[in-house]
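So you can see what is in the structure, the chains are spelled out below.
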Amino acid sequence: MSDASPVTLDEWEAAARAVLPAGVFHYVAGGAGAERTLRDNDAAFDRWTIWPSMLRGSSDPDPSTSVLGTPFAFPIAIAPWAFQWQVHSEGEPGTARAAAAHGVPMCVSSTVLDGLEAVAATGAALWWQLYIWRNREVTADLVRRAEAVGCRALVWTVDVPALGRRHRDTRSGYALPLGPAGTPQEFEPNLTWDDLAWIRAQAPSLPVAVKGILRPDDAHAAIEHGADAIVVSNHGGRQLDRAPASLDALPGVVEAADGRVPVLVDGGIREGADVLIALALGAAAVLVGRPTAWGLAVGGQTGVEAVLAFLRDGLINAMANAGCPTIRDIRPDLVRPT
C-alpha cells in the first residue's frame, strides 16, 4: 500500500470498491430488501453520546480483555464472513495472520471447509462459525475438525432459516458458490433450541456462543439451553430487512442475560468510539466483518492489519479521553441517548 492508503473505514470501503468486481463488492456490501436495517446498524451509534469523566488517570489505557477463555489484546474479534478468496488471493489465512499479529480472535466462516487447517496453521486464536446443514454427518465432521485444530469456541449462527432477499445480488447475478439446495452444505432450515445439545455432543470441550439473537426472550432461551455466550446480531442487515439495529437490541439482551453469560455484538462498527459505546451498553466485545473485507481487498493481510489498527487506536483514544483506564471502567453511565 502507498503513502496515500485509506484511513477511515469509509475510505477503505471506497478503495475496495475500486479494486473488486462489482458483483463481489455488492455481495459483501449489500443487505436484505431495501437495506433499511443495514443503514440503521450504522445510524444506531449516532443515537448515543459519550459523557467523559475527568482526572481518571486514563492517558495510557489498557484495552485488553478476555471472553470465553480467549484473550483479546483489545475487545474486537473478526466476524465470520464467507468466501474471502473472492476478495483477495490471501483469503482466510491472510485475515487470520492479521488477527494473530494484533492479538485478537478470528471467527472462521463455515465456508472455509478444506482450508480450515491452513487457517489454523497461522497461529491465530480461532472461533469456528457453525451452520447446521441438512447433512448432519458432514456438519459433525466439521465441528470435530474445528476442535481438533484448536478452535477455542463454536459460534452457532441461528438467523438463517432462509437466505435473505438481497436485491443487489439479484441485479448483479451473483450466486453463492456454496450451499445450494441438494448439496451437503444446504442449510437445515428447521432448527430448534434442542439442537444445541446435539452441537455440544460433537465437541464437548468447546464453549458455544449463539449468534443472531435480538430479543430478550431468545436470550433467556439460549441461556436456559446451555449457551455460553450470546452474539447480538442481525447478520449485518443481510437477512430480514426492518429487523432492529443490533445496537438497539443490545441493552435488552444484556438485561436478559443478567451477567450469566457474556454478550457480544456486531453491526455498524465504524470507529473506535463505536466500540466504546457498545461496551458501555453491556457488550463484552464486538465483532467486525465488512471493515476487514475492505482491508483484505485492498492490501491482503497488511490491509486487514491496518483496519484493525485504526479501530484499536480509536478505541484507546476514546478510552483515554472518556476517563477509562481499563475496559472495566467503561460503565453504562458513560453514554446517554441523544
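Residues numbered from 1 in each chain as written. Predicted model: local features only at pLDDT ≥ 70, side-chain atom pairs only at ≥ 80, totals over all residues. Heavy atoms only, no water.

### As for the environment of P93
Mapped onto the secondary structure, P93 falls in helix α4 (residues 91-102). Separated by 30 residues in the primary sequence, P93 and G123 have C-alpha atoms spaced 9.9 Å apart. With residues up to four places along the chain from it excluded, the contact list for P93 reads V119 and T122. (Helix = DSSP H or I, 4+ residues; strand = E, 2+ residues; numbered from the N terminus. Contact = heavy atoms within 4.5 Å.)

### Considerations on the pattern of salt bridges
According to the stated counting rule, one finds 15 salt bridges in the structure shown. One salt bridge in this structure joins K211 and D266, with 3.6 Å as the shortest N-O distance. Within this pair, whereas K211 is found in strand β8 (residues 208-213), its partner D266 is found in strand β10 (residues 263-266), the two being separated by 55 residues in sequence. Of the two residues, K211 and D266, neither departs from the other in class, the shared state being buried. Among the ionic pairs, D217 bridges to R215, the shortest N-O distance being 2.8 Å. Each member of the salt-bridge network shares a partner with another, and the members are D10, E13 and R270. (Salt bridge = Lys/Arg side-chain N within 4 Å of Asp/Glu carboxyl O. Buried < 20%, exposed > 50% of the residue type's maximum accessible area, 1.4 Å probe, protein only.)

### What about the packing of helix α1 (residues 9-19) against helix α12 (residues 290-322)?
Angle between the axes and distance between the axes are the two parameters that describe a pair of packed helices. Interaxial distance between α1 and α12 falls to 11 Å at its minimum, and their mutual angle equals 170 degrees. Our classification of the angle between α1 and α12 gives roughly antiparallel. Contact residues: α1 offers L9, W12, E13, A15, A16 and V19, while α12 offers P291, W294, G295, A297, V298, G303, A306, V307, F310 and L311. Of the residues belonging to the contact of α1 with α12, the class tally is 13 nonpolar, two polar and one charged. (Axes fitted to C-alpha atoms, helices over the stretch in contact; angles between N-to-C directions. Parallel < 35°, antiparallel > 145°, perpendicular 65-115°, else oblique. Nonpolar A, V, L, I, M, F, W, Y, C, P; charged D, E, K, R; others polar.)

### Re the pairing of strand β11 (residues 285-288)
Across the two faces of β11 the burial is the same, with A285 and L287 and V286 and V288 all buried. As paired strands, strand β4 (residues 76-78) and β11 are joined by three bridges and run parallel to one another. Looking across to β11, one finds that I76 is bridged to V286. As defined by bridge partners, β10 adjoins β11 across three bridges and the pair is classed as parallel. Bridge pairing in β11 links L264 to A285. Once the chain exits β10 it traverses helix α11 (residues 272-280) before rejoining the sheet at β11, and the crossover so formed is right-handed. (Pairing = 2+ DSSP bridges. Right-handed = clockwise from strand over helix to strand, strands pointing away.)

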